[in-house]
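Okay, here's what each chain looks like letter by letter:
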Amino acid sequence: MNRRTVRAPFSTMPGNERTLLTQAQMAAGVQALAQSILTANPGAESIALVGVFTRGVPLAKRIAAEIEKIGGVKVFLGTIDITQYRDDLSTFQMVPKLEGSDIAFDIDDLNVVLCDEVIYTGRSVRAALDELLNFGRPKRVQLAVLVDRCGREFPVQPDFSALKVTLAPGERVAVRFTEVDGEDACTVQTQASTR
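Residues numbered from 1 in each chain as written. Predicted model: local features only at pLDDT ≥ 70, side-chain atom pairs only at ≥ 80, totals over all residues. Heavy atoms only, no water.

Engineer: Looking at this model, I keep getting lost on the overall build of the protein. Mind explaining?
Structural biologist: Secondary structure assignment for the protein yields 4 helices and 9 strands. Starting at the N terminus and walking to the C terminus, you meet the elements of the protein as β-β-α-β-α-β-β-α-β-β-β-α-β. By sequence separation, contacts in the protein at least 24 residues apart represent 69% of the contacts at least 6 residues apart. Of the roughly 10300 Å² that the protein leaves accessible, carbon and sulfur atoms contribute 48%. (Helix = DSSP H or I, 4+ residues; strand = E, 2+ residues; numbered from the N terminus. Contact = heavy atoms within 4.5 Å. Areas by Shrake-Rupley, 256 points an atom, 1.4 Å probe, with all protein chains shown as cover.)

What follows is the structure in structure tokens.
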């Protein structure tokens, strides 16, 4: 899908946060992702969307709802917990809560789309693939993200993204969904200087 590349500045919010995507732009991005997934999987009778905990889950659910509106394809929906496959667990002061993966369908020979809100280094996607392959051998695995942040450390690229962005060191993308955070927002947060 066509993505726009964004560089700062964006609209300013109070504190060290600025808007990257408005609520309406997030919704439009989800619609575009759904359409792009269907276009890239012509003739598929079914497709599986697997959301990566935490915020990849509401993204997958929203994309699934958009695909179902368009119709013609059976949508399977699952969730995946990458906690045990992360390569940075030793750096956490508190280990993330284990949610457990829930893929209650056979993924063998199925087109699977992993969904995550942001891709940055590619390490989370690597972990998600490790966990996904415990459930079977999909026909094809694609990756859909709301935001593609430049700065890859692993050779992993999204098949579908609503926005591609380049940020300065010390900045991070923060995506919030109503289902998890009580609001829809996509912002850039700047870490406070330690000087």
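Engineer: Is there a simple way to think about the packing of aromatic side chains in this case?
Structural biologist: Two numbers describe a pair of aromatic rings. These are the distance of the centres and the angle of the planes. Applying the stated criterion across every chain, the model contains 1 aromatic pair. The ring of Tyr 120 carries Arg 149 above its face, with NZ or CZ at 4.0 Å from the centroid. (Phe/Tyr/Trp six-rings, centres within 6.5 Å; stacked < 30°, edge-to-face > 60°. Lys NZ or Arg CZ within 6 Å of the ring centre and 35° of its normal.)

Engineer: Honestly, the nonpolar core in this entry has me stumped. Any pointers?
Structural biologist: If you look at soluble globular proteins, the nonpolar side chains tend to sit buried side by side. Within the largest apolar cluster, 33 residues are counted, with the highest numbers of intra-cluster contacts made by Ile 37, Leu 49, Ile 63, Val 147 and Val 173. With 19 residues, the next largest nonpolar core counts Ala 48, Val 52, Ile 107 and Ala 127 among its residues. (Core = buried A, V, L, I, M, F, W, Y, C linked by side-chain atoms within 4.5 Å. Buried < 20%, exposed > 50% of the residue type's maximum accessible area, 1.4 Å probe, protein only.)

Engineer: Just to check I follow, could you spell out the pattern of salt bridges for this structure?
Structural biologist: When the charged atoms of two side chains with opposite charge come close together, those side chains can pair. According to the stated counting rule, one finds 10 salt bridges in the structure shown. The partner of Asp 184 in a salt bridge is Arg 62, with the nearest N and O atoms 2.8 Å apart. With Asp 184 in the loop between helix H4 (178–181) and strand E9 (185–190) and Arg 62 in helix H2 (residues 56–70), this pair connects stretches of sequence that are 122 residues apart. The closest approach of N and O atoms between Arg 152 and Asp 148, which form a salt bridge, is 2.7 Å. Through salt bridges with shared partners, one network takes in Glu 17, Arg 176 and Glu 183. (Salt bridge = Lys/Arg side-chain N within 4 Å of Asp/Glu carboxyl O.)

Engineer: Just checking my understanding: could you explain the packing of helix H1 (residues 23–40) against H2 for this structure?
Structural biologist: Two quantities define a packed helix pair, namely the angle between the helix axes and the distance between the axes. Where H1 contacts H2, the axes come no closer than 9 Å and their chain directions differ by 65 degrees. As H1 packs across H2, the resulting crossing turns out to be right-handed. Listed contacts from H2 to Val 30, Gln 31, Leu 33, Ala 34, Gln 35, Ile 37 and Leu 38 of H1 are Leu 59, Arg 62, Ile 63, Glu 66, Ile 67 and Ile 70. Residue composition of the contact of H1 with H2, grouped by class: 9 nonpolar, 2 polar and 2 charged. (Axes fitted to C-alpha atoms, helices over the stretch in contact; angles between N-to-C directions. Left-handed = near helix turned anticlockwise from the far one by under 90°. Nonpolar A, V, L, I, M, F, W, Y, C, P; charged D, E, K, R; others polar.)

Engineer: What exactly am I supposed to notice about H2 here?
Structural biologist: Since there are 3.6 residues in each turn of an α-helix, residues three or four apart along the chain are aligned in direction. The first and last C-alpha atoms of H2 sit 21 Å apart over 15 residues, in line with the 21 Å expected at 1.5 Å per residue. Turning to H2, its buried residues are Gly 56, Val 57, Pro 58, Leu 59, Ala 60, Arg 62, Ile 63, Ala 64, Glu 66 and Ile 67. Structurally, H2 contributes buried residues whose contacts are with H1, strand E3 (46–52), strand E4 (74–80), strand E5 (111–119), strand E6 (140–149) and H4. (Expected span 1.5 Å × (residues − 1).)

Engineer: Before we go on, may I ask you to explain the pairing of E3 in this structure?
Structural biologist: It is a general feature of regular strands that their side chains alternate between the two faces of the sheet. Within E3, 7 of the 7 residues are buried, which leaves the element mostly enclosed by the surrounding structure. Both faces of E3 are covered, namely the face carrying Ser 46, Ala 48, Val 50 and Val 52 and the face carrying Ile 47, Leu 49 and Gly 51. Across 7 bridges, E3 lies against E4 in parallel orientation. Each residue of the ladder has a partner; that of Ala 48, found in E4, is Phe 76. (Pairing = 2+ DSSP bridges.)

Engineer: Can you walk me through the side chain of Asn 41 in this structure?
Structural biologist: Of note, Asn 41 is situated in the loop between H1 and E3. Given the relative accessible area of 7%, Asn 41 is considered buried. Beyond its immediate sequence surroundings of up to four residues, Asn 41 is in contact with Ile 47, Asn 111, Arg 140 and Gln 142.

Engineer: It is not clear to me how unusual backbone geometry should be interpreted in this structure. Could you clarify?
Structural biologist: For residues besides glycine, phi is generally negative; the peptide bonds are generally trans as well. Going from Phe 53 to Thr 54, the amide bond is cis rather than trans, its omega being 10 degrees. Position of Thr 54 among the secondary structure elements: in the loop between E3 and H2.

Engineer: I'm lost on the sheet that holds strand E8 (residues 171–176) in this one. Help?
Structural biologist: The strands that make up a sheet are held in pairs by hydrogen bonds between backbone atoms, and each pair lies either parallel or antiparallel. On the basis of which strands lie adjacent, the open sheet formed by 3 strands has the order E2-E9-E8 and antiparallel pairing. Strands at the two margins of the open sheet, each flanked by one partner only, are strand E2 (17–21) and E8. Direction aside, the axes of adjacent strands within the sheet are offset by 30 degrees on average. With 6 bridges joining them, E8 and E9 adopt antiparallel strand pairing. Bridge pairing links Val 173 to Val 188 in E9. Where H1 meets the sheet, it contacts E2, E8 and E9, and its direction lies at approximately 35 degrees from that of E2.

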